[in-house]
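Structural overview for review
Chain by chain, the residues run as shown.
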Amino acid sequence: MKFGHFDDQKREYVITNPRTPWPWINYLGNEDFFSLISNTGGGYSFYKDAKFRRITRYRYNNVPMDSGGKYFYIKDGDSIWSPGWKPCKTELDKYECRHGMNYTNIKGEKNGVTANVLYFVPLKTWAEVQKLTLSNNSKETKKLKIFSFLEWCLWNAASDMENFQRNFSTGEVEIQGSVIYHKTEYKERRDHYAYYSVNVPVQGYDTDRESFFGLYNGFDEPQVVSEGKAHNTEAHGWSPIASHYIEVELKPGESKDFVFVLGYVENKEDEKWESKNIINKKKAKDTIAKFDTAAKVDAAFAELRKYWDNLLSIYTVDSGDDKLDRMVNIWNQYQCMITFCFSRSTSFFESGIGRGMGFRDSNQDLIGFVHQIPERARERIIDIASTQFPDGGCYHQYQPLNKRGNNDIGGGFNDDPLWLILGTVSYLKETGDFAILNEMVPFDNDMSVARSLFDHLTVSFDHVANNLGPHGLPLIGRADWNDCLNLNCFSNDPNESFQTTENKTEGTKAESLMIAGLFVVYGRDYADLCKRLCKNDEAARAQKLVSAMEVAIKKHGWDGEWFIRAYDYYGRKIGSNENEEAKIFIESNGWCTMAGIGKEEGLCTKALDAVKERLDCKYGIVLNNPAFTKYYIEYGEISSYPPGYKENAGVFCHNNPWIMIGETVVGNGERAWDYYRKICPSYLEDISDLHKTEPYVYSQMVAGKDAFKPGEAKNSWLTGTASWNFYAISQYILGIRPDYDGLLIDPCIPGSWKGFKATRKFRGDTYHIEVVNPHGKSKGVSEVEVDGKHQKSNIIPVFGDGKEHRVKIVIG
Ligand code: BGC
Ligand code: NOJ
């Protein structure tokens, strides 16, 4: 069952039934000011950091789900309704929510009145703009009463949820004309306030929550709205809100626009006040003035659309398959921007108070984003590397506001350092900007111990090389990419966190085959880079260590039919036929086949066949099989999940592309494509009722074959699946891959495909690429033509002339 449809022309998903199986959300803003917004107007806003600068309040895990947001209430006689159906839930005559590229348009119609709200964050603006258009389509004059609503968060979203003994006494507001200012804690340590304005005179306002709702009502039935009159309250403590009250008269056929601005301001210490206890409103007024007419708003909106036209023109495909084209050209790239902005911090599954920017996560996010805005990727690489330790180890995450690493969600994950090589090399291949390697980058944000970014790559590489276990394989540390494979945790106390507890630290021997494969792939990249920099001794040293790892993998990591997953604390195999449960895992088989380990001897095809046979299911490739059915203290969190969910045999989508890429290494285009399609949301739109999450973005996990409800997805939006699946489809299946010396074109597609067309902007030039497949092959390039001339290599050179170039590739 579907709840809407794609509008590819406008790059929107159009939801036509507000009763989606889960709130289907969107993100506004992509620089400093951000909002999350659901299809019924739920969600919240923050500046840079969803934990430390939360602007509006949101209650998690609410009943019903997704209550609380930025709402409009319309009173038309006795009928009270909201354009997004919620919170009133008055049945609408028509409802439509269009989620687009960083904007959302919600439209409701009732009794001849249409209310259309366009929500977006204009470029370079610390504010969300809401343009409400009311139209009277009826034959009589309408006298409407409009109430806006939002609830302020007391800035720190964590303490806002728990420290009520203080919170209920701190709230402060100011009201001036049609602008409501939220200034809690501004008096002392904060240099920021927020405001909510409307561009017309108001007939009243409320800023005290209890007066607005009444003590016994919820969001669906504010007392003030039922009474049809604002109370003009000024909040003192308790829970400050912002609500404007506007009376509107509309003649038949008439429309009126109202512009609301929800903004954030920072003031310098000596510019904080206008007079005693009266805040300096200059910056707020400046921003409000920029959007005080519908025409100004429309112009800002057009700019946002243009911005996305540009971003999405860098890589486009024309394959003849709408579902594929809309993912590659629109939604997957959009999701990559979102994961770039938020890492795993804030969604309807990530509370925004738990995690900040992940070291491994943000590095991986770059591979789907770097082509969009390389300058921002550059800055991110430096930020991430600045949190590294001198020995190459890493904080697992840092907070976006202060960019400092912290141990809140653990540390000592031994895969972390290697992802910095991936992030940096991807940036270098996209841009050719080798100067970044000479940037001086601090360790643990301490500039006195800064070294070049290149040196950070060296210590990243060495961190693995210096931490090998008894089989010459990498020690896993707290865990590797799989946060739940906690081989040193040994926890039998429910009050301990799997992420931060290590009960066995001495004599630990646990080793990871996944890090081993990762080391071979990115160790080779590191050695290759050294060669390019003419650091031949270092290249040779690195290559030697990588080769030794390959030998160790073949010797101790091959189980006969597939690659084992790890050695546990006691040196016993995990992910081996010898095990009773979880005989095979996806991650090590993905990385070892991506590395092509034992390819000549047939190990890769064998391992991939085993994955197909044991892990593949209707909804994708599950993480392990058989699922764990009991708790193994020596494995940790992974065995705590019920079978078929999350890291215990769920389809953990992030790692599926590793197998897809592995399949392209052995040239199996059919399988790579089949795996791609299985987890790709646009192909799942028809089963939205089962799938549950948005059909336009990837989810972290889809319940696997052992689950109670296979096919049900969770944790949409913030997942490494976005960048990895974009990487797999764009660079390995369609095969258009940036390389140091040009654009490498090496598709691996199903033999039945006749070909496809693509456009790629790369280092200033534009390449129009046509791939034809006359012989029904999957892989191999038999002819290359560039601007009408044949060339041998399938690396298309960088012309550097800023012009358009025609490339024709024949597969065969
Ligand atoms: C989840 C992982 C996540 C980890 C760290 C675990 O409970 O299953 O997917 O990476 O927490 O937040
Ligand atoms: C989600 C985390 O964000 C990521 O870092 C981790 O690799 C996966 N879960 C797998 O556990």
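Everything discussed here concerns the structure shown above.
Residues numbered from 1 in each chain as written. Chains lettered and ligands numbered in written order. Predicted model: local features only at pLDDT ≥ 70, side-chain atom pairs only at ≥ 80, totals over all residues. Heavy atoms only, no water.

This part covers the sheet that holds strand 22 (residues 315–318). On the basis of which strands lie adjacent, the open sheet formed by six strands has the order 22-40-41-45-42-43 and mixed pairing. The open sheet has two free edges, formed respectively by strand 22 and strand 43 (789–791), since each of these has just one partner strand. The mean angle between the axes of side-by-side strands here comes to 20 degrees, regardless of whether they run parallel or antiparallel. One ladder, built from four bridges, connects strand 22 with strand 40 (residues 755–762); its direction is antiparallel. Counterpart to D318 in the pairing with strand 40 is K757. (Pairing = 2+ DSSP bridges. Helix = DSSP H or I, 4+ residues; strand = E, 2+ residues; numbered from the N terminus. Axes fitted to C-alpha atoms, helices over the stretch in contact; angles between N-to-C directions.)

Our next topic: the packing of helix 10 (residues 453–465) against helix 12 (residues 536–556). Helix 12 packs onto helix 10 with a crossing angle of 30 degrees between their chain directions and a minimal axis gap of 11 Å. If you check the angle between helix 10 and helix 12, you find them roughly parallel. The crossing of helix 10 and helix 12 is left-handed. Of the residues in helix 12, those touching helix 10 at T458, F461, D462 and A465 are E538, R541, A542, L545 and V546. Across the contact of helix 10 with helix 12, the residue classes tally to five nonpolar, one polar and three charged. (Parallel < 35°, antiparallel > 145°, perpendicular 65-115°, else oblique. Left-handed = near helix turned anticlockwise from the far one by under 90°. Contact = heavy atoms within 4.5 Å. Nonpolar A, V, L, I, M, F, W, Y, C, P; charged D, E, K, R; others polar.)

Cis geometry marks the peptide bond from V63 to P64; its omega dihedral reads -10 degrees. Considering the arrangement of structural elements, one finds P64 in the loop between strand 6 (54–56) and strand 7 (71–76). In the segment running from N625 into P626, the intervening peptide bond is cis, with an omega of -15 degrees. Structurally, P626 can be placed in the loop between strand 34 (624–625) and strand 35 (651–652). Phi angles above zero are rare outside glycine, and D66 is one such case at about 65 degrees. In this fold, D66 is placed in the loop between strand 6 and strand 7.

You can see L734 is positioned in the loop between helix 18 (721–733) and strand 38 (736–739). We classify L734 as buried; its relative accessible area is 0%. For the pair L734 and I749, spaced 15 residues apart in sequence, the C-alpha separation works out to 6.9 Å. Beyond its immediate stretch of four places on either side in the chain, L734 contacts Y315, V317, I729, P747, W753 and F756. (Buried < 20%, exposed > 50% of the residue type's maximum accessible area, 1.4 Å probe, protein only.)

Let's shift gears to the site of ligand 2. Every residue near ligand 2 is listed here: R344, R355, R360, D361, W481, N482, D483, E647, F652 and Q700. A distance of 2.7 Å separates an oxygen atom of ligand 2 from a polar atom in the side chain of R360. One of the backbone nitrogen or oxygen atoms of D483 is found 3.0 Å away from an oxygen atom of ligand 2. Here ligand 2, which alone exposes 300 Å², has 96% of that area covered by the protein. (Near = heavy atom within 4 Å. Polar contact = N/O pair within 3.5 Å; in protein donor to acceptor, adjacent residues only side chain to side chain. Areas by Shrake-Rupley, 256 points an atom, 1.4 Å probe, with all protein chains shown as cover.)

Now for the sheet that holds strand 23 (residues 357–358). Taken together, the three strands give an open sheet; going across it, the order is 23-24-25, and neighbouring strands pair in antiparallel fashion. Both edges of this open sheet fall to strand 23 and strand 25 (405–411), since each of them pairs with a single strand only. Across two bridges, the pairing between strand 23 and strand 24 (residues 395–398) is antiparallel. Residue pairing in the sheet places G358 in a bridge with Q397 of strand 24.

Glancing now at the packing of aromatic side chains. Across all of its chains, the model carries 71 aromatic pairs by this definition. A centroid spacing of 5.9 Å and a plane angle of 75 degrees characterise the contact between Y58 and Y60, whose relative ring orientation is edge-to-face. In this structure, R54 packs its charged tip against the face of Y44, placed 4.0 Å from the ring centre. The ring centre of Y186 lies 4.9 Å from the NZ or CZ of K272, which sits over that ring. (Phe/Tyr/Trp six-rings, centres within 6.5 Å; stacked < 30°, edge-to-face > 60°. Lys NZ or Arg CZ within 6 Å of the ring centre and 35° of its normal.)

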